[in-house]
Structure formats: C-alpha cells, structure tokens
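Structural overview for review
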Amino acid sequence: MSLAQARALQLHAQGLLRPLRRKPQRADVVAAIERMRLLQIDSIHVVARSPYLVLHSRLDDYPAAWLDEALAAGRIAECWAHEACFVAARDFAAHRAWRERGSHWAQRNAERMHSEHRPAMDALLARIRDGGAVLAADFPREDRGVAGWWEWKPEKRWLEAWFALGELMVPRRERFQRVYDLASRVLAGLDPPFEPCTLDPAQLRRQFILDSVRALGVAQARWIADYFRLKPTVDARELAPLLDSGELLETAVRGWDVPGYVHREHAAALEQARGGRLRATHTTLLSPFDPLVWDRARALAMFGFDYRIECYVPAPKRCYGYYVLPILHRGALVGRLDAKAHRADGVFEVKALFLEPGVAPTPSLVDALAAAIARTARWHGTPQLRLGRCRPAGLGPALRGAWKAAAG
C-alpha cells in the first residue's frame, strides 16, 4: 500500500482518522485509553495538561473531569509504561507483573533509593498504612521557595519510589496532584476486579509487542519496542512466530525498505486501507506527548514530520517555541503552533503558527485549522483567540478572517 494509506491505517488505530460523530460519553474516555493501550501523563499546563489534550484530540468537547472520575472509579490506573501513564484497569495486571521483573529504570532507581533511605521510607509507608492516603503537599518542606521536579522534597521522592516499587498506587488526584495509598487498598477498587497476571516474562513481552502493533495500526519492527519501552529492541526474527501464528500480518509499504506489521484485529481495516477506503477527515491539534508523535523517528518516517518536544530545550536553541502542538489535517501533519492558555483572562494565545514547507494555506485548510483552534480554545475555557506570527505570512489574516466569519 502507499504511505498515505499506511498513515490512514495508523490514524484509524489511534482514533484520529475521523472526528467523533456524536456527543462524547463517559465510557469514551476509557475506550480511547484502551484503544491507545496507554495515555502518557505530563504535568506541564501551558495549555491543558497532556492527557486531557490527547483525549480532546479524539473526543472533542468532552468534560476533562471525566478522566479524573475514571481514575477515582477504578476504571483506569496509573503505572509506568511508556513513561508514567494511565492504563485501562483490565490491563493493569500485566503492567504490574512486568514491573515486578525489575526491568524498568524507575524501579531500579527506586530500589537504590530504598537501600539508601530505608528507615525513613519504611516509616513513611507505615504512616500511610496506619493513617490512610497522603499527598506530597501534606509534608512541609524546609527549603521553601525551591520548586521543580528536580528539587522534589525527600517525602515526594520516597512516595514516588514506593509507587515505582508497587507498594503505593494512586486512587485519585486532587488538582492533578497524586494521592498515594497502599496498593492493596487501591487494587481492591479496580473495575474490572484485579486478578494477578500469570504470564511469564516471555509471554508478557509477547503481549506488549502485540499491543504495540495494535495501537500503531502499522509499524516497522524498529518502532515497536518504544511504545512500552521494551528492551531489547524488537526485530524481524522475534516477530516471525507471530506471523506464523497469524497474530500479526505483514504488508509492504511503498518507500519502506522493511516490511510493515499489522495486528490481525486490523485485518479488515488493512484491506480498506489498501483499497483506498480509509479516508482521513479529521483536523485537530495534538499534544506534544500524543502517541502519534512522541517517537521522533516514527513521525518522520510516517508523516515526513520532524518533531522535537522543545519545552525541555534551552530557550535560545528552540526552533518553534516552548509548547508546540502538531497540527493534524486530513491524514497529514501540516504544521505546528506554539500555544499558551491565559485562563484568568479567557484567552487562548497562538504565539506562533508554522505550516510545513510546501503546505499551502488553501481556503479549506484555513477553515479547518481555524475551526480546530477555536474548538480547543472553547473546550479549554479560553474562547478568546489571540494570534501572533504566522508562516507563511498570509496565513494570519486568513485565519482571522475565518474566525470573524464563523463568529457571524
């Protein structure tokens, strides 16, 4: 199939092929996470925090509180997966079993921390066992005025270490701050009920490989390990038995020098894609931590989109801005915008907007982009739009014209 057809298959798998054609429902939050297999957590809130924005890209105008409610109801759980992530409750047992192998860097760091701070960490765990759930904010710090994850107070580090070790879990969040409680108490509230995973390490790895391919729609072997941070990397030899069993299908993609792999659950969609019957119609803004774009090499190979998350880059070295949102339009990544939400003023500021080289600001693109930005701004509670510099130069007046026309 063509590269455009492969893109459509990946967007189909990720829930980004077409806009939702009905009002979202609470169950759609969990369904979207099940479809992606995970939802990465990040606390930067220049715009909406990433997990809420990833869901908005797929569900449009949904109440962000639904994600918090799903966590409190035990329908989803927090764990280490790609990074810190929400996963569906039904998938948590596999992640817990994988963590218990001790192969994740977070667990190794936590084990080292426990060996260095055993008395204090054990006392903290005993406090939670006897007194109930805590927030990091319950522990005052001596060096007031110091902030940032790199300057966490000891209790926060120890809570995170116990979380990585599996002794603590997160039953809910308050103002997006983690509430920590004993894993045994949180596991008792999961829906569906928690049952320990009985798969051995080889079977778990096999499951995560299959889940990665299912979430990606179509994938090269070298992309698969990144999705769940598997080590070692996955190669064609490891995938051969999955082809023999029919759990994976192989497809050629024009322009690729290696085969593409598709989960058998996407067999019908694969045939639709090959026949040109998967049509991408969605235009939306993506989080920098969206599964579609977090792998820089994959985004470049699939979409010709060279994307780097620049919030971690020193300001003088940034090319586009601090919190840059990729723009998805009808199956292509056509540009990026640097955004900031001024919540107190109700203003959604587009500090800069760049179309990709060779992408023309056609009337249909301008209208779709203007509508996508306006939807995100309204959903976020910052409906007033402010537009900064644009590239190409004529894009700014065209966007303002589209917003004015839509406003009547």
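Preceding this paragraph is the structure being described.
Residues numbered from 1 in each chain as written. Predicted model: local features only at pLDDT ≥ 70, side-chain atom pairs only at ≥ 80, totals over all residues. Heavy atoms only, no water.

Our focus in this paragraph is the overall build of the protein chain. Scanning the protein chain for helices and strands turns up 16 helices and 13 strands. For the protein chain, whose C-alpha radius of gyration is 22 Å, the value lies close to the compact-globule estimate of 22 Å for 408 residues. The principal-axis extents of the C-alpha atoms in the protein chain amount to approximately 65 × 60 × 40 Å. Scored against the burial criterion, the 408 residues of the protein chain give a buried share of 54%. For the protein chain, contacts bridging at least 24 residues in sequence account for 64% of all contacts bridging at least 6. Summed over all atoms, the accessible surface of the protein chain reaches about 18600 Å², with 51% contributed by carbon and sulfur. Each charge class in the protein chain can be summarised by its mean position, and for the 59 positive and 46 negative side chains these summaries are 6 Å apart. (Helix = DSSP H or I, 4+ residues; strand = E, 2+ residues; numbered from the N terminus. Rg over C-alpha atoms; globule rule 2.2 N^0.38 Å. Buried < 20%, exposed > 50% of the residue type's maximum accessible area, 1.4 Å probe, protein only. Contact = heavy atoms within 4.5 Å. Areas by Shrake-Rupley, 256 points an atom, 1.4 Å probe, with all protein chains shown as cover. Lys, Arg positive; Asp, Glu negative; His and termini not counted. Charge placed at Lys NZ, Arg CZ, Asp CG, Glu CD.)

A grouping of R18, R21, R279 and R330 is seen on the molecular surface, where their side chains present a positively charged patch. The topology assignment puts R21 in the loop between α1 (3–14) and α2 (26–36). On the basis of relative accessibility, which here comes to 70%, the residue R21 falls in the exposed class. (Patch = residues over 30% accessible without salt bridge, like charges linked within 9 Å, V, L, I, M, F, W, Y side chains within 5 Å. Salt bridge = Lys/Arg side-chain N within 4 Å of Asp/Glu carboxyl O.)

Our next topic: the sheet that holds strand β5 (residues 168–174). On the basis of which strands lie adjacent, the open sheet formed by three strands has the order β4-β6-β5 and antiparallel pairing. Both outer strands of the open sheet, β4 (134–135) and β5, are each paired with one neighbouring strand and no more. Pairing geometry for β5 and strand β6 (residues 177–182), over five bridges, is antiparallel. Paired with L168 across the two strands is L182, which belongs to β6. Contacts from helix α8 (residues 154–165) reach β4, β5 and β6, with the element oriented near 60 degrees to β6. (Pairing = 2+ DSSP bridges. Axes fitted to C-alpha atoms, helices over the stretch in contact; angles between N-to-C directions.)

Between D191 and P192 the backbone carries a cis peptide bond, its omega angle lying at 10 degrees. Considering the arrangement of structural elements, one finds P192 in the loop between α9 (183–187) and α10 (201–216). Omega for the peptide link from K231 to P232 comes to 0 degrees, which places this bond in the cis form. At R37, a position not held by glycine, the phi torsion is positive, near 75 degrees. Tracing the sequence through the fold places R37 in the loop between α2 and β1 (39–40). Its identity as a non-glycine residue notwithstanding, R175 has a phi of 50 degrees, on the positive side. Here R175 is to be found in the loop between β5 and β6.

The subject of this paragraph is the nonpolar core. Residues L55 and L353 are the most contacted members of the largest nonpolar core, which totals 135 residues. Ranked by residue count, the leading element in this core is helix α15 (residues 363–380), at eight residues. (Core = buried A, V, L, I, M, F, W, Y, C linked by side-chain atoms within 4.5 Å.)

Among the secondary structure elements, M113 is positioned in helix α6 (residues 105–116). Placed 48 residues apart in sequence, M113 and A161 show a C-alpha to C-alpha distance of 7.2 Å. Contacts of M113, omitting those with residues within four sequence positions, involve M121, R157, W158 and A161.

What follows deals with the side chain of E356. Along the chain, E356 falls in the loop between β12 (347–355) and α15. Overall, the relative accessible area of 12% leaves E356 in the buried class. A polar atom in the side chain of E356 sits 2.8 Å from the side chain of R336. Leaving out residues up to four positions away in the same chain, E356 has contacts with G304, F305, L333, V334, G335 and R336. (Polar contact = N/O pair within 3.5 Å; in protein donor to acceptor, adjacent residues only side chain to side chain.)

Let us now look at α6. Taking 1.5 Å per residue as the helical rise, α6 with its 12 residues ought to reach 16 Å, and the 17 Å between its terminal C-alpha atoms agrees with that figure. Restricting attention to buried positions, one finds in α6 the residues A106, Q107, A110 and H114. Looking straight down α6, one finds its buried side chains confined to an arc of 95 degrees; they lie on one side. (Expected span 1.5 Å × (residues − 1). Arc of directions from axis to C-beta.)

Let us now look at helix α7 (residues 118–131). With 14 residues, α7 extends 20 Å between its outermost C-alpha atoms, agreeing within 8% with the 20 Å of an ideal straight helix rising 1.5 Å per residue. Looking at the buried residues of α7, the elements they touch are α6, β4, α8, β5, β6 and α9. Once α7 ends, the next one or two residues include G132, with phi positive near 100 degrees.

Mapped onto the elements of the fold, N109 is located in helix α6. A relative accessible area of 32% means that N109 is categorised as partly exposed. Measuring from C-alpha to C-alpha, the distance between N109 and A161 comes to 7.7 Å, with 52 residues separating the pair along the chain.

What follows covers the side chain of D211. For D211, the position within the fold is in helix α10. Residue D211 is classed as buried on the basis of its relative accessible area, which comes to 5%. Leaving out residues up to four positions away in the same chain, D211 has contacts with R37 and F228.

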